[in-house]
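# Remarks on the overall topology
Listed below are the residues making up each chain.
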Amino acid sequence: MGRGWRVIELENVAYSYGGGELLSDISLRLAPGSFHFLTGPSGAGKTTFLKLCYLELAPTSGRVQLFDKPATGFSRNEVARARRRIGVVHQDCHFLDHLPLAENIALPLTVAGRNVAEEKGNIEELLRWVGLEKHTDALPPSLSGGERQRAALARAVVMSPDIVLADEPTGNVDWEMGQRLLQLLVELNKMGKTIVIATHDLNLIRTAKSKVAARVLRIAKRRLQLAGADL
Amino acid sequence: MSGIGGKVAGVLSALKVRTGKALALLQGDGQADRVVPPTGFTANLTLFTAGAMAFLAVFALALSLATGRVASRWSEELARSATLRISAPMEQREAQAAKALEVLESTPGVASARRLSDDEQRDLLAPWLGVDLPMEDLPVPVLIEVVEGEGLDVAGLKARLAGEVPGAVYDDHSRWREPLIRAASRLRLLGWVALGLIAASTAAMITLAAGSALAANARVIATLRLVGATDTYIARAFVRRFTQRALLGAAVGTSLAMLALALLPRAETTGGFLTGLGFTGAGWLLPLIVPMLAAITAFWATRASAFRTLRQVT
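## As for the overall build of chain B
Scanning chain B from N- to C-terminus turns up 10 helices and four strands. For chain B, buried positions account for 37% of its 314 residues. A fraction of 84% describes how many contacts in chain B between residues 6 or more apart in sequence connect residues 24 or more apart. Total accessible area on chain B is roughly 17,300 Å²; 66% of this is exposed by carbon and sulfur atoms.

## Examining the overall build of chain A
In terms of regular secondary structure, chain A is built from eight helices and 10 strands. Whereas a compact globule of 231 residues would reach a radius of gyration of roughly 17 Å, chain A reaches 17 Å, a difference of no more than 12%. Along the longest, intermediate and shortest principal axes, the C-alpha atoms of chain A span 45 × 40 × 40 Å. Taken across its 231 residues, chain A has 55% of its residues classed as buried. Counting every atom, chain A has about 10,200 Å² of accessible surface; 48% of that belongs to carbon and sulfur. Averaging the coordinates of the 30 positive side-chain charges in chain A and doing the same for the 25 negative ones gives two points 5 Å apart.

## Considerations on the pattern of salt bridges
Any two side chains of opposite charge can pair, given that their charged atoms come close. Applying the stated criterion across every chain, the model contains 14 salt bridges over all chains. Here E124(A) ties to K120(A) by a salt bridge, and the two come within 3.1 Å at their closest N and O atoms. Placement of both E124(A) and K120(A) in helix α5 (residues 120-129) is noted, with a separation of four residues, approximately one turn of the helix. The partner of D231(B) in a salt bridge is R225(B), and the shortest N-O contact between them spans 3.0 Å. By the burial criterion, D231(B) is buried, and R225(B) matches it.

## Quick word on the confidence of the model for chain A
When pLDDT drops low, the exact placement of atoms in the prediction is not to be read closely. For chain A, the average pLDDT comes to 86, and 97% of its residues sit at 70 or higher. Least confident of the elements in chain A is strand β10 (residues 223-226) of chain A, whose mean pLDDT is 84; most confident is strand β8 (residues 194-198) of chain A, at 93.

## Considerations on the sheet that holds β10(A)
Whenever strands of a sheet pair, they do so through backbone hydrogen bonds, lying parallel or antiparallel. Residue and element names in this part refer to chain A. Taken in spatial order, the six strands line up as β6-β7-β8-β3-β9-β10 in an open sheet, and their pairing is mixed. Of all the strands in the sheet, the pair left with one neighbour each is β6 (86-89) and β10. Adjacent strand axes in the sheet meet at a mean angle of 20°, parallel and antiparallel pairs treated alike. As defined by bridge partners, strand β3 (residues 35-39) adjoins β8 across four bridges and the pair is classed as parallel. Directly across from F35, in β8, lies its bridge partner I195.

## As for the packing of helix α6 (residues 145-157) of chain A against helix α7 (residues 175-190) of chain A
Residues and elements named next belong to chain A. Packing of α6 against α7 brings their axes to within 11 Å, and their N-to-C directions diverge by 5°. Relative to α7, α6 is oriented roughly parallel. Where α6 approaches α7, its residues R150, L153 and V157 are matched on the opposing element by M177, L181, L184, L185 and L188. Each residue belonging to the contact of α6 with α7 can be placed in one class, and the counts come to seven nonpolar, no polar and one charged.

## Some details on the interface of chain B and chain A
Contacts between chain B and chain A engage 22 residues on the former and 24 residues on the latter. It is R34(B), L226(B) and V227(B) in chain B that bury the most area against chain A; as a group they hold 30% of the surface buried on that side. Run the count over chain B and chain A and you get one salt bridge. One salt bridge connects R76(A) with D231(B), and the closest N-O pair in it is separated by 2.4 Å. One can count eight residue pairs in polar contact (both at pLDDT 80 or more) joining chain B with chain A.

## A short note on the layout of surface pockets
Over the atoms, a rolled probe matching the size of one water molecule traces out where space is still vacant. Residue and element names in this part refer to chain A. The computed volume of the second largest pocket comes to approximately 350 Å³. If you tally residues by element for the lining of the second largest pocket, the top one is α5, at five residues. A class-by-class count of the residues in the lining of the second largest pocket yields nine nonpolar, two polar and five charged.

## Some details on helix α2 (residues 76-83) of chain A
When we look at burial in α2(A), the residues that qualify are V79(A), A80(A), A82(A) and R83(A). Seen end-on, α2(A) carries its buried residues on one side only, within an arc spanning 165°. Buried positions along α2(A) lie against β4 (61-66) and β6 of chain A together with α8 (218-226) of chain B.

## Focus: unusual backbone geometry
A negative phi angle characterises most non-glycine residues, just as the trans form characterises most peptide bonds. Residues and elements named next belong to chain A. Positive phi is not limited to glycine here, since L55 has a value of about 65°. Following the sequence through the fold, L55 ends up in the loop between α1 (46-53) and β4. What makes L55 buried here is its relative accessible area of 12%. Residues other than glycine seldom take positive phi values, yet S160 does so here, at roughly 50°. Positionally, S160 belongs in the loop between α6 and β7 (163-167).

## A word on empty space enclosed by the protein
The full count for this structure, using the stated rule, is two cavities of 30 Å³ or more. Taken as a whole, the largest cavity spans an internal volume of roughly 110 Å³. As for the largest cavity, its lining consists of 13 residues, and the residues nearest its centre are I86(A), G87(A), V88(A), A156(A) and V227(B). Residue assignment for the lining of the largest cavity shows that the elements contributing at least two residues are β6 and α6 of chain A. A per-element tally of the lining of the largest cavity places β6(A) first, with three residues. In the lining of the largest cavity, the residues fall into eight nonpolar, two polar and three charged. Volume-wise, the second largest cavity comes out at about 40 Å³. Considered class by class, the residues forming the lining of the second largest cavity number five nonpolar, two polar and two charged.

## Observations concerning the pairing of strand β4 (residues 168-171) of chain B
Residue and element names in this part refer to chain B. Residue alternation in β4 divides its side chains into a buried set, A168 and Y170, and an unburied set, V169 and D171. Where strand β1 (residues 81-86) meets β4, four bridges bridge the pair, whose relative direction is antiparallel. Directly across from R85, in β4, lies its bridge partner V169.

Rules used in this analysis
- Numbering of residues begins from 1 in every chain and follows the order in which that chain's sequence is written.
- Going through the entries in the order they are written, you letter the chains from A and number the ligands from 1.
- Owing to the predicted nature of the model, reporting of local features is limited to residues with pLDDT of at least 70; listing and counting of side-chain atom pairs is limited to 80 or more, with chain, interface and lining totals taken over all residues.
- By convention in this description, side-chain values take in all heavy atoms of the structure and omit both hydrogens and water.
- In this description a helix means any DSSP run of H or I spanning at least four residues, a strand means any run of E spanning at least two, and both kinds are numbered starting from the N terminus.
- Each residue is placed in one exposure class: buried if its accessible area under a 1.4 Å probe, protein chains only, is under 20% of its type's maximum, exposed if it is over 50%, and partly exposed if it falls in between.
- Note on contacts: a residue pair qualifies if any of its non-hydrogen atoms lie within 4.5 Å across the two residues.
- Accessible surface area values rest on a Shrake-Rupley calculation with a 1.4 Å probe, where residue burial reflects the displayed protein chains alone.
- Here the globule rule is a power law, 2.2 Å times the number of residues to the power 0.38, and the radius of gyration is based on C-alpha atoms.
- Charge assignment in this entry is limited to Lys and Arg as positive and Asp and Glu as negative, and neither His nor the chain termini are counted.
- Here the site of a charge means NZ on Lys, CZ on Arg, CG on Asp, or CD on Glu.
- Here a salt bridge means any side-chain nitrogen of Lys or Arg lying within 4 Å of a carboxyl oxygen belonging to Asp or Glu.
- The score called pLDDT rates the predictor's confidence residue by residue, from a low of 0 to a high of 100.
- Strand pairing is defined by DSSP finding a minimum of two bridges between the two strands.
- For helices, the fitted line uses only the C-alpha atoms of the stretch in contact; every axis is such a line through C-alpha atoms, and the angle between N-to-C directions lies from 0 to 180 degrees.
- When describing relative orientation, an angle under 35 degrees is termed roughly parallel and one over 145 degrees roughly antiparallel, while 65 to 115 degrees is termed roughly perpendicular and anything else oblique.
- Think of it as three bins: nonpolar holds Ala, Val, Leu, Ile, Met, Phe, Trp, Tyr, Cys and Pro, charged holds Asp, Glu, Lys and Arg, and polar takes everything else, Gly as well.
- The quantity reported as buried area is the accessible area (1.4 Å probe) lost by two parts once they are put together, taken as the sum for both.
- N or O atoms closer than or at 3.5 Å make up a polar contact, with two conditions inside protein: a donor-capable atom paired with an acceptor-capable one, and, for residues adjacent in sequence, both atoms drawn from side chains.
- For each structure, a 1 Å grid was placed over the protein atoms alone; sets of points admitting a 1.4 Å probe that cannot get out are labelled cavities, open sets with protein on both sides within 12 Å along at least five of seven lines are labelled pockets, and lining residues have an atom within 4 Å of a point.
- Grid points are joined across faces, edges and corners, and a volume is the space filled by probe spheres set on the points.
- Directions are taken from the helix axis to each C-beta atom, and the arc is the one they span.

Dropping the structure here:
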């Protein structure tokens, strides 16, 4: 994918909640097609880091660039358009509880004004891919934690985004399903997508490294470090 | 020519686009509408309030138009006529009446002057004094009905009459016409103020209802933003709903109010003011703008409210 540009670039980014600084002086460039794990103790700021990447939070200082454009000056519509190119698997997956699963997974297409009926085949395939084909008409509250996480992954990739950010995507699923989700993310990466997975599951990272050239980022003491090659 | 033709075509196509958008808004976009969960109870409240407001608005409109009609009728009829009253001792009455008619007929600007006959005067007095009135025995003043034409110098006429017919009093009805017309136009103003208040209350009510719907759906809105929905898309889902509800409610309220006005008992002969409440002829088309105004009000109130809420979501 020898493109010269960066899909996400952070430059001296700091973020502080009311109390004190959570992240400081973070600089990072994510090239297209790269695969990164993000680790660190709970509360270190993994979720905050991801939120900075998909523009839910604005940095207290420093610059965030998305797709080679400074995101700090994005209008609300530009933020919306950028998010269509970023698939996010949230830790606490938010769904529209009154809509059946298939419609929830198609939601990014719906809000982008795409014809969902035309994509029906893709959505069915996607549901099979995450093993939820039997739950097409189920309402999200009736799904288990693991099922919700798989559904969140399906929704994150339905727009075929350039970047997939996943926050503890295997937190609620068993080992086997975790492996399957990882396999899905690896496949997406092979299709050229940039993947960032926040996790503290070291086994998951080890398995991934045997399949893909993954790099590990660690957040510790408010800083982001590139972890050693071996784990 | 082609320039004008082009302009007209441009305006027409712009209108077409706008109408298309308005129609699309009313028809709704099934897929987009579903992203906001249905709300039964508040929807009914909005429908009901829009209906009640439209009902009141139609009555306020009818009141304004009716008082306007009454005021213009009074001022037109009364402005063109005057009465000359001659109160003189019995023996001078005939002479003064003849003199007065002579003066009136020779005054430019008097279209006609006619002495009321004894029978006519008896008819006028009958409601108060009974039918068997011995007119010839009573010192009833002579009444002359004057119809004013163009260019009548009322002050000059009064001065001449004062000199030549000492018992004559010229009354152009302004003494009781003016307060009546003042009252009518004040009533009409009150009608318009009531309409304005109704429109403002409708906007306030829809802002509150939309605000509560937006607050209840805060999570839905946040989720939609995260999957890449624009503010306009989210706002439209709410705006469409409230516009439709206001339009439907107001249409029902307007229809009921028009029906109620059409069924008001009539008493045309006495020309009473209250029985004149209602619309005449093409005026019946006027209340049809009430549902439109309700829909437009709902559109802007919900839109403003939605964008205000959305600014707090990243």
